[in-house]
Amino acid sequence: MGKSIAEVGLEDLCKAGGSSLSKEEATQIYQVIREAIAIAGGSKGFDDPDPREVWREVVGRRVLEPWHPHQLHQLVYYSVYANWDASIHGPPLYWFPSLYQSKLTNLGRMMEVHGPKLLGTAYKDPIASFSLFQKFSVQHPEVYWSIVLEELAVVFRDRPRCILDKSDKSKPSGRWLPGAVLNVAECCLSPCSHPRKEDDSIALVWREEGSDDLDVNRMTLKELREQVMLVANALDATFSKGDAIAIDMPMTVNAVVIYLAIILAGFVVVSIADSFAAKEIATRLRVSNAKAIFTQDFILRGGRKFSLYSRVVEADPYKAIVLPVSGNNVGIQLRKQDLSWQEFLSSANQSPRPNHYSPVYQPIDSTINILFSSGTTGEPKAIPWTQLSPIRCSADGWAHNDVKVGDVYCWPTNLGWVMGPVLIFACFLNGGTMALYHGSPLGRGFTKFVQDAGVTILGTVPSLVKSWRSTNSLEGIDWTKIRCFCTTGEASNVDDDLWLSSKSYYNPVLECCGGTELSSAYIQGSLQQPQAFGAFSTAAMTAGLVILDEHGHSYPDDEACVGEMGLFPLYLGATDRLLNADHEKVYFKGMPMHNGMRLRRHGDILKRTAGGYIFVQGRADDTMNLGGIK
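Everything numeric in this text was worked out from a predicted model, so none of it was measured. Along each chain, residues carry numbers from 1 onward, in the same order as the chain's sequence is written. In keeping with the predicted nature of the model, local features appear solely for residues at pLDDT of at least 70, side-chain atom pairs appear and are counted solely at 80 or more, and the whole-chain, interface and lining totals rest on all residues. Side-chain metrics rest on all non-hydrogen atoms present in the structure, leaving aside hydrogens and water.

Enquirer: Report on the environment of Ser 137, specifying residues and quantitative values.
Expert: Under the scheme used here, helices are H or I runs from DSSP no shorter than 4 residues and strands are E runs no shorter than 2 residues, and both carry numbers assigned from the N terminus. Tracing the backbone shows Ser 137 in helix α8 (residues 130–139). Only protein chains enter the accessibility calculation, which uses a 1.4 Å probe. A residue is then buried if its area is under 20% of the maximum for its type, exposed if over 50%, and partly exposed in between. Of the residues examined, Ser 137 reaches a relative accessible area of 0% and is grouped as buried. The spatial distance from the C-alpha of Ser 137 to the C-alpha of Ala 540 is 9.5 Å, given a sequence separation of 403 residues. Only heavy atoms enter the contact rule, under which two residues are in contact if any of them lie within 4.5 Å. Setting aside chain neighbours within four positions, we find Ser 137 in contact with Tyr 144, Met 541 and Thr 542. Polar side-chain contacts of Ser 137 include one of 2.6 Å to the backbone oxygen of Gln 134. Any pair of nitrogen or oxygen atoms within 3.5 Å is treated as a polar contact; in protein, a donor-acceptor pairing is required on top of that, and neighbouring residues in sequence qualify only through side-chain atoms on both sides.

Enquirer: Can you lay out the UniProt feature "transmembrane region" (unreviewed entry) in the chain for me, pointing to particular residues and giving the numbers?
Expert: UniProt positions are given in the numbering used here, feature names are shortened, and annotations may be inferred rather than shown by experiment. The UniProt record annotates "transmembrane region" (unreviewed entry) at residues 256–277. Helix makes up 41% of residues 256–277 and strand 18%, whereas the separation of the span's terminal C-alpha atoms amounts to 22 Å.

Enquirer: Quick rundown of the sheet that holds strand β11 (residues 320–323)? Include the residues and the values.
Expert: The strands that make up a sheet are held in pairs by hydrogen bonds between backbone atoms, and each pair lies either parallel or antiparallel. Two strands pair under a simple rule: DSSP has to find at least two bridges between them. Ordered in space as β12-β11-β8-β6-β7-β14-β15, the 7 strands form an open sheet in which the pairing is mixed. Edge positions in the open sheet fall to β12 (339–340) and β15 (382–386), since each of these has one partner strand only. Judged from the 5 bridges that link them, strand β14 (residues 367–372) and β15 form a sheet pairing that is antiparallel. Following the sheet pairing, Leu 371 is matched in β15 by Ile 383. Simply put, an axis is a line fit to the C-alpha atoms, just over the touching stretch for a helix, and the angle between two N-to-C directions goes from 0 to 180 degrees. Each of β14 and β15 is contacted by helix α16 (residues 388–399), which is oriented at about 80° to β15, the strand it contacts most.

Enquirer: Which residues make up unusual backbone geometry, and what values do they have?
Expert: For residues besides glycine, phi is generally negative; the peptide bonds are generally trans as well. Cis peptide bonds are those with omega within 30 degrees of zero, and the linkage from His 194 to Pro 195 qualifies with -5°. For Pro 195, the position within the fold is in the loop between α10 (184–189) and β4 (202–208). Here the phi dihedral of Arg 62 falls at roughly 55°; this positive angle occurs in a residue that is not glycine. Positionally, Arg 62 belongs in the loop between α3 (51–60) and α4 (70–80). Arg 62 sits in the partly exposed class, given a relative accessible area of 47%. Phi is positive for Tyr 506, which is not a glycine, with a value near 65°.

Enquirer: Requested: an account of α3, with residues and values cited.
Expert: Listing the buried residues of α3 in full gives Pro 51, Val 54, Trp 55, Val 58 and Val 59. In an axial view of α3, the angular spread of the buried residues amounts to 120°, which keeps them on one side of the axis. The N-capping residue of α3, defined by a side-chain oxygen 2.9 Å from the backbone nitrogen of Arg 52, is Asp 50. Here, the arc refers to the directions that run from the helix axis to the C-beta atoms.

Enquirer: Could you give an account of the domain arrangement of the chain, with specific residues and numbers?
Expert: Source of the domain bounds: an automatic or database domain assignment. For the chain, the assigned domains read domain 1 (5–84) and domain 2 (181–619). If you look at the interface, domain 1 gives 12 residues, while domain 2 gives 11 residues. Summed over both sides, the interface of domain 1 with domain 2 buries roughly 1,100 Å², with 61% coming from carbon and sulfur. Here, a salt bridge means any side-chain nitrogen of Lys or Arg that lies within 4 Å of a carboxyl oxygen of Asp or Glu. Summed over the shared surface of domain 1 and domain 2, the result is 0 salt bridges. Where domain 1 touches domain 2, the interface holds 6 residue pairs in polar contact (both at pLDDT 80 or more). Listed by contribution, the elements that provide at least two residues to the side of domain 1 that touches domain 2 are α3 and α4. With 5 residues, α4 is the largest single contributor of residues to the side of domain 1 that touches domain 2. For any pair of parts, buried area is found by adding up, for both, the accessible area (1.4 Å probe) each one loses once the two are put together.

Enquirer: Give a detailed account of the pattern of salt bridges, specifying residues and quantitative values.
Expert: Scanning the entire structure with this criterion turns up 24 salt bridges. Across the pair Arg 483 and Asp 402 runs a salt bridge whose closest N-O atoms are separated by 3.0 Å. Here the residue Arg 483 occupies a position in the loop between α19 (462–470) and β19 (484–487), and Asp 402 occupies one in the loop between α16 and β16 (408–410), the gap between them amounting to 81 residues. For Arg 483, a relative accessible area of 28% translates into the label partly exposed. Between Asp 452 and Lys 448 there is a salt bridge, with the nearest N and O atoms lying 2.7 Å from each other. One end of the pair is Asp 452 and the other is Lys 448, both in helix α18 (residues 444–452) and 4 residues apart, which spans about a single turn. On the accessibility criterion, Asp 452 (25% relative accessible area) is partly exposed. Through salt bridges with shared partners, a single network forms among Asp 402, Lys 404, Asp 407 and Arg 483.

What follows is the structure, given as structure tokens:
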């Protein structure tokens, strides 16, 4: 065990800081640490300071700078918590919400307005009452959603008859917003008063790899809408209403335009990741019955050129529409039935007003996007997203990631994975700006783009953070505009997250874990709660869950435990069908009852700690039962 914080001396700080830390800076840090220990110790002084209060005080004084060597940050953090017993106290905490900050968040503002009425005298403030309010949202989802829908840029052509209809027992997830008619792509593209989106609002910022010293590109909401409508007109000239149309290309501005245009025009997006081999592409085209695929001739990554069109052609799609990775002309010979991007767009000129389009309005449960599970254990499950799915993921972005007007939201991902569509809707239904880097997110080009674009919310995966750290990609880069990070997809590394959080003066790294079939994360971090590295602090708003023992019985909600998670079935945005599998068998068969409802299977093994924090331990389907031993 290393030194405790009380044992750390000036010499230790100087050694950890190396040549980049002056003696004066080290002395200041040492003095702040001594003062923090005294404050945290209270009447006990230096004998027994609360490590959480020591860390909160040191971080709050901002003496640990983002450009200080990581060894210095490590020394202070790990020595503060050197004697911390996680089995009693839960994981060490590194970020603490202030009451002032919490009331400025989307959810905190909502709780201040509605909390006293909904919770009565039990309501205190957004921090003290968060867990109570989350439980209220599970028990009364109709009330929660009726409030949140007013916060999103969702406009109904025909308003829903009610929020939730539970009468159809064949739909255990519930019938949400029955009778509602809308076009959710139109909602993304239209100006509105709340959240405030205007025609000249910046919808997108982006940069091409290799253009690191040029200004970032910007596109207004009006410019985006006109580009989407041009593509929608071209789609109408080429396809029949309701056709499924695939996208297999990097998440560029054009990919976002195509995605929104397909939905605006009443077609169905088929999401395919640009990393897939031809066999995987072919499977997804077959299962979705896609009539065409949008793709690129090549992919540029880290200065290297990789063929994409040839992989797509090997999958034998009916028709491919091929965009050039650069310039106006594709750099490859196309098949006879295929079209270049320019040829495709020229078909829109048959329309008298090619940049205007009347959206196709559909019932809320109409399919807009077919996504796929990873397919690591067999044929990938084809998961249909309806117009409820964007409402769910944008509401989670609103409540947990606090996306709002003025935010610049960046998350390196792809439309073939769930985070691609999530990013689109979380930005455009909350009035945020989407930031896209046309290139590899691994290098300094991306980290500089994050700085230059003024990103305020940055999504990551842990392997990406590890790469930035190991290659020193943030040397000389300023990420202090980032007010929160988000991470998903893999188990986080505490030390990597310590490094990442330190780059913005220890703003939170919010964990998210969910599923494509849920349109959302079911466990998350929250800006109303203290955060621990690598840990989830809460179930998502309106998401109810229990942790099950080996007999299928649920542990008490406040008990530290490990077991398979069972999700409460009433869940706006959760699927009620699969295109190529038995939905009931996949998600419900064999799951235990809980309070009169059959739990929904997700498959994650969760560990709940003292203090109620959650870690994902793996998948239930990764275990074998041998003689009663898992």
